[in-house]
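Spelled out from the first residue to the last, the chains are:
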Amino acid sequence: METSHNPNANTNSNPNTITSPIPVLWPTIDGSLGLSEEESVSYARRFYKFGFALLPFLWAVNCFYFWPVLRSRSFPRIRPSFQTVTLMLEFSRSITLEDTPFSRPFIIDIVGSAIGFGVSMAIISSWALTFSIGGERLFGPVWDKLVMYNLADKLGLTGWS
Amino acid sequence: MAENKKPTSILESLGEEIVRIVAPVSICMFMVVILVSILNSNSSSSYATVGSIATIAYNESSSDTSWDKFIGALLNSLVFVAVITLATFLMVLLFYLRCVKFLKYYMGFSAFVVLGFLGGEIALFLIEDFSIPIDCFTFLVALFNFAAVGVLAVFMSKMAILVTQGYLVLIGMLVAYWFTLLPEWTTWALLVALAVYDLAAVLLPVGPLRLLVELAISRDEDIPALVYEARPVVNHDSNPRDLVQRRMRVWRERNETSDNRPVAVPDSVSDGNVVSESNVDEIETSNSYPIPIISTAVRAEEGEVHPIRNAELLVPLIDNGGNVQPHGVAEASGSNENLMLEGIGLGSSGAIKLGLGDFIFYSVLVGRAAMYDYMTVYACYLAIVAGLGITLMLLAIYQKALPALPVSIALGIVFYFLTRLFLEVFVVQCSLNLLMF
């Protein structure tokens, strides 16, 4: 994808066609069809918060969607470098920062989503694997009550019409 | 930087667009065929039917005579089409009374039901068939995740294009599988009736779908609908411009230029997804914006001009109450049986849009063919893809929204019966006698 390889080169190469020096590096995996940086902040935060409603898949989708942000290092406004962070901290001591879109870099949301997804997948898969591999030897007669195909038969879920 | 990008040929641009719409249709059909082969080979009778609106008039049983089945099937399909017409008119009425929010939430709810319940049922069938030792908690969590993210992806918010497209194909697959559980004669009669209905509803001036789109265009609003939009093909020959500013602009102009002036709109951007689902009918041909790619190829002249994408008609994009937040998603319309508006058209970025109803009924046809034999599957698949190609060509010629069902369904049905009656005998005899050619 050319977009992430030479973001800066583009602004230098053809001055007669580029009207403004806004770096055209897209934070979403869709590239130019996806969100702009301002929208990405709100979307990332929203996905992160909704993921807490027992939706680890939403966290995974969040990480997938904002993959360029996680991967590359050239998003100065979204992923502040160390200098920017220290500047921001000093600044915030002197002035109360309003909640501007970049006062809280949204990389936190994405990293949080990734961590959340990892943790919940670990929990779920360990439980599921224990259940399926352990089977009746481990659980006893409770296994038959919990396994899905028996439960579906008992509740008549597949005899639908 | 390298300035020498070679000009994109017509094959790359046009072929790419066609492939991007044929590929998901093929994937949907393929998955339905797989589901049908897996799940129906184990089931006892082919009359394990599904009671629904589609069988309300007559429920087929294996002991009836052919004439009874035929009449029953006709009645069923007439009832079904009548229900769909009513539901669409109801939707037109609601849209006219500006209850768009209600429609949107109803669509979200029905998508959740489809993904959750139908998806759950089919997952349970598969679990029983393969005896997968999954427990109920994991299953419920997984199902809930699947359904919730699906609703978000398709309706509520903008998400990765791949995720949205994948969920649309999945919804089409689930509903199509459910429809293949109908009795056989009813299915065929239903397909024919729906093809005729689609033709009427989209092309006649009194058709509900056409009314809907006219309303939407006249109000510059968005229709809630489930529509699959292919990713627009990036034109490498356009001038790269600043994307961010242009993106948020919402075009409101009506198409005063109702004929096609082949003037390409230069380098403005559009969100491929933001499209207003000025979806099915009417003149929803797009304003072709070549999407600027940050390529280093800068060309002053136009380069390859694609006939479809150069239509000068502007699609009124959405702007829900002045909020320029792009809604990537299309909301569906209608009840569960009537989820999608059929039809094919062009989105604002020149990408082709295909209603989800088309996905569903193509897959129903192929699924039904799979219940007989794989030979009919191949024949019907080729017929449907040919029909889709013809429809796309017509779309390029007429530059307005067209019904995508009639041509493909007609070809598919014709070839199904021809294959079943004539080709099969021939091929089987050849194979038995080891005659290859």
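Model, not experiment: these values are computed from the prediction.

*Asks:* Could you clarify how one ought to interpret the overall build of chain A in this entry?
*Replies:* Helices and strands together make up the secondary structure of chain A, namely 9 helices and 0 strands. Its helices and strands in sequence order give chain A the pattern α-α-α-α-α-α-α-α-α, from N to C terminus. Partitioning the contacts of chain A with sequence separation of at least 6, the portion at a separation of at least 24 is 54%. Of the accessible surface of chain A, which amounts to about 9,100 Å², a share of 66% is contributed by carbon and sulfur atoms.

*Asks:* Even after reading the chapter, I still don't get the UniProt feature "transmembrane region" (unreviewed entry) in chain A, so can you show me in this structure?
*Replies:* The UniProt record marks residues 47–67 and 106–129 of chain A with the feature "transmembrane region" (unreviewed entry), using the residue numbering of this structure. As a span, residues 106–129 of chain A carries 96% helix and 0% strand, and end to end its C-alpha atoms are 34 Å apart.

*Asks:* Explain the nonpolar core here, please?
*Replies:* When a protein is soluble and globular, its nonpolar side chains tend to lie buried together. If you look at the biggest cluster of nonpolar residues, it comprises 106 residues, and the most contacted ones within it are Phe 66 of chain A together with Met 159, Phe 179, Leu 194, Phe 361, Tyr 362 and Ile 409 of chain B. Residues in contact with Leu 194 of chain B, not counting those within four places in the same chain, are Phe 80, Val 81, Ile 84, Phe 361 and Leu 405 of chain B.

*Asks:* So what exactly am I meant to see when it comes to the packing of aromatic side chains here?
*Replies:* Given two aromatic rings, their pairing is described by the distance between the two centres and the angle made by the two planes. Evaluation of the coordinates by the stated rule reveals 19 aromatic pairs over all chains. Between the aromatic rings of Tyr 65 of chain A and Phe 66 of chain A, the centroid separation amounts to 5.1 Å while the plane-to-plane angle is 50°, which identifies the pairing as tilted. Measuring from centroid to centroid gives 5.8 Å for Trp 127 of chain A and Phe 131 of chain A, while their planes differ by 45°, and the two rings are tilted. With a gap of 4 residues between them, Trp 127 of chain A and Phe 131 of chain A both fall in helix 7 (residues 107–139), about one helical turn apart. Its relative accessible area of 0% is what places Phe 131 of chain A among the buried residues. An aromatic cluster of at least three residues, connected via ring pairs, comprises Trp 127, Phe 131 and Trp 143 of chain A together with Phe 137 of chain B. The aromatic ring of Phe 95 of chain B is capped on one face by Arg 219 of chain B, whose charged end is 5.3 Å from the ring centroid.

*Asks:* Any chance you could explain unusual backbone geometry here in plain terms?
*Replies:* The phi angle of most residues is negative, glycine excepted, and most peptide bonds adopt the trans form. All names here are of chain B. We note that Ser 131 has phi near 50°; this positive angle belongs to a residue other than glycine. Position of Ser 131 relative to the elements: it lies in the loop between helix 3 (100–130) and helix 4 (136–156). By relative accessible area, which is 43% here, Ser 131 ends up partly exposed. At Leu 434, a position not held by glycine, the phi torsion is positive, near 55°. By the element assignment, Leu 434 lies in the segment after helix 11 (405–432).

*Asks:* Would you explain the state of the cysteines in this entry?
*Replies:* Formally, a disulfide is one covalent bond, and it connects the sulfur atom of one cysteine to the sulfur atom of another. For the structure on display, the rule yields 0 disulfides over all chains. In this structure Cys 380 of chain B is not part of a disulfide, and its nearest cysteine sulfur, from Cys 28 of chain B, lies 15 Å away.

*Asks:* Any chance you could explain a nonpolar patch on the surface here in plain terms?
*Replies:* Residues Trp 67, Phe 70, Ile 71, Leu 74, Leu 75 and Trp 185 of chain B make up a contiguous nonpolar surface patch of about 570 Å² in total accessible area. You can see Trp 185 of chain B is positioned in helix 6 (residues 184–203).

*Asks:* Would you explain the pattern of salt bridges in this entry?
*Replies:* Oppositely charged side chains are able to pair whenever their charged atoms sit close together. Residue and element names in this part refer to chain A. Applying the stated criterion to the full structure yields 5 salt bridges over all chains. When the shortest N-O distance is used, the salt bridge between Arg 45 and Asp 109 registers 3.9 Å. With Arg 45 in helix 3 (residues 37–50) and Asp 109 in helix 7, this pair connects stretches of sequence that are 64 residues apart. The exposure class of Arg 45 is partly exposed, given its relative accessible area of 22%. Residue Asp 109 is classed as buried on the basis of its relative accessible area, which comes to 0%.

*Asks:* Please explain the packing of helix 6 of chain B against helix 11 of chain B as it appears in this structure.
*Replies:* Residues and elements named next belong to chain B. Between helix 6 and helix 11, whose axes approach to 8 Å, the crossing angle comes to 150°. Judged by the angle between their axes, helix 6 and helix 11 are roughly antiparallel. Along this stretch, helix 6 crosses helix 11, giving a crossing that reads as left-handed. Seen from helix 6, the contacting residues are Glu 184, Trp 188, Leu 191, Val 192, Leu 194, Ala 195, Asp 198 and Leu 199; seen from helix 11, they are Leu 405, Pro 406, Ile 409, Ile 413, Tyr 416 and Arg 420. Here the residues of the contact of helix 6 with helix 11 are counted per class, giving 11 nonpolar, no polar and 3 charged.

*Asks:* I tried to follow the side chain of Thr 138 of chain B on my own but got confused; where do I start?
*Replies:* Within the secondary structure, Thr 138 of chain B is located in helix 4. Of note is the side chain of Thr 138 of chain B, whose polar atom sits 2.6 Å from the side chain of Asp 135 of chain B.

*Asks:* What's the story with the side chain of Ser 113 of chain A in this structure? I'm lost.
*Replies:* Relative to the assigned elements, Ser 113 of chain A resides in helix 7. Setting aside its immediate chain neighbours within four residues, Ser 113 of chain A contacts Tyr 48, Trp 59, Asn 62 and Cys 63 of chain A.

*Asks:* It is not clear to me how the packing of helix 4 of chain B against helix 5 (residues 161–180) of chain B should be interpreted in this structure. Could you clarify?
*Replies:* Residue and element names in this part refer to chain B. Two elements in contact, helix 4 and helix 5, have axes whose closest approach is 9 Å; the angle formed by their N-to-C orientations is 115°. By the angle between their directions, the pair helix 4 and helix 5 is classed as roughly perpendicular. In this structure, helix 4 meets helix 5 at a crossing whose hand is left-handed. Across from Phe 146, Val 149, Gly 150, Ala 153 and Val 154 in helix 4, the residues of helix 5 making contact are Val 163, Thr 164, Tyr 167, Leu 168, Leu 170 and Ile 171. Residue composition of the contact of helix 4 with helix 5, grouped by class: 9 nonpolar, 2 polar and no charged.

*Asks:* What am I meant to see in the confidence of the model for chain B here?
*Replies:* All names here are of chain B. Averaged over every residue, the pLDDT of chain B is 72; the share at 70 or more is 65%. The secondary-structure element of chain B with the lowest mean pLDDT is helix 8 (residues 243–247), recorded at 34, while helix 9 (residues 356–370) shows the highest, at 93. Low confidence marks residues 44–48, where pLDDT is under 50. Its contacts with residues over four positions away, or in another chain, come to 4 contacts. Counting interchain partners and residues more than four positions distant, the pLDDT-below-50 stretch residues 237–341 has 331 contacts.

*Asks:* Explain the environment of Ile 409 of chain B to me, please; I cannot follow it from the model alone.
*Replies:* Residue and element names in this part refer to chain B. With respect to the helices and strands, the residue Ile 409 is situated in helix 11. Among the residues examined, Ile 409 registers a relative accessible area of 1% and is labelled buried. Sequence spacing of Ile 409 and Thr 138 is 271 residues, and the spatial spacing of their C-alpha atoms is 40 Å.

What counts, and where the lines are drawn
Residues numbered from 1 in each chain as written. Chains lettered and ligands numbered in written order. Predicted model: local features only at pLDDT ≥ 70, side-chain atom pairs only at ≥ 80, totals over all residues. Heavy atoms only, no water. Helix = DSSP H or I, 4+ residues; strand = E, 2+ residues; numbered from the N terminus. Contact = heavy atoms within 4.5 Å. Areas by Shrake-Rupley, 256 points an atom, 1.4 Å probe, with all protein chains shown as cover. UniProt positions renumbered as here; feature names shortened; annotations may be inferred. Core = buried A, V, L, I, M, F, W, Y, C linked by side-chain atoms within 4.5 Å. Buried < 20%, exposed > 50% of the residue type's maximum accessible area, 1.4 Å probe, protein only. Phe/Tyr/Trp six-rings, centres within 6.5 Å; stacked < 30°, edge-to-face > 60°. Lys NZ or Arg CZ within 6 Å of the ring centre and 35° of its normal. Disulfide = S-S within 2.5 Å. Patch = residues over 30% accessible without salt bridge, like charges linked within 9 Å, V, L, I, M, F, W, Y side chains within 5 Å. Salt bridge = Lys/Arg side-chain N within 4 Å of Asp/Glu carboxyl O. Axes fitted to C-alpha atoms, helices over the stretch in contact; angles between N-to-C directions. Parallel < 35°, antiparallel > 145°, perpendicular 65-115°, else oblique. Left-handed = near helix turned anticlockwise from the far one by under 90°. Nonpolar A, V, L, I, M, F, W, Y, C, P; charged D, E, K, R; others polar. Polar contact = N/O pair within 3.5 Å; in protein donor to acceptor, adjacent residues only side chain to side chain. pLDDT = per-residue confidence, 0-100.

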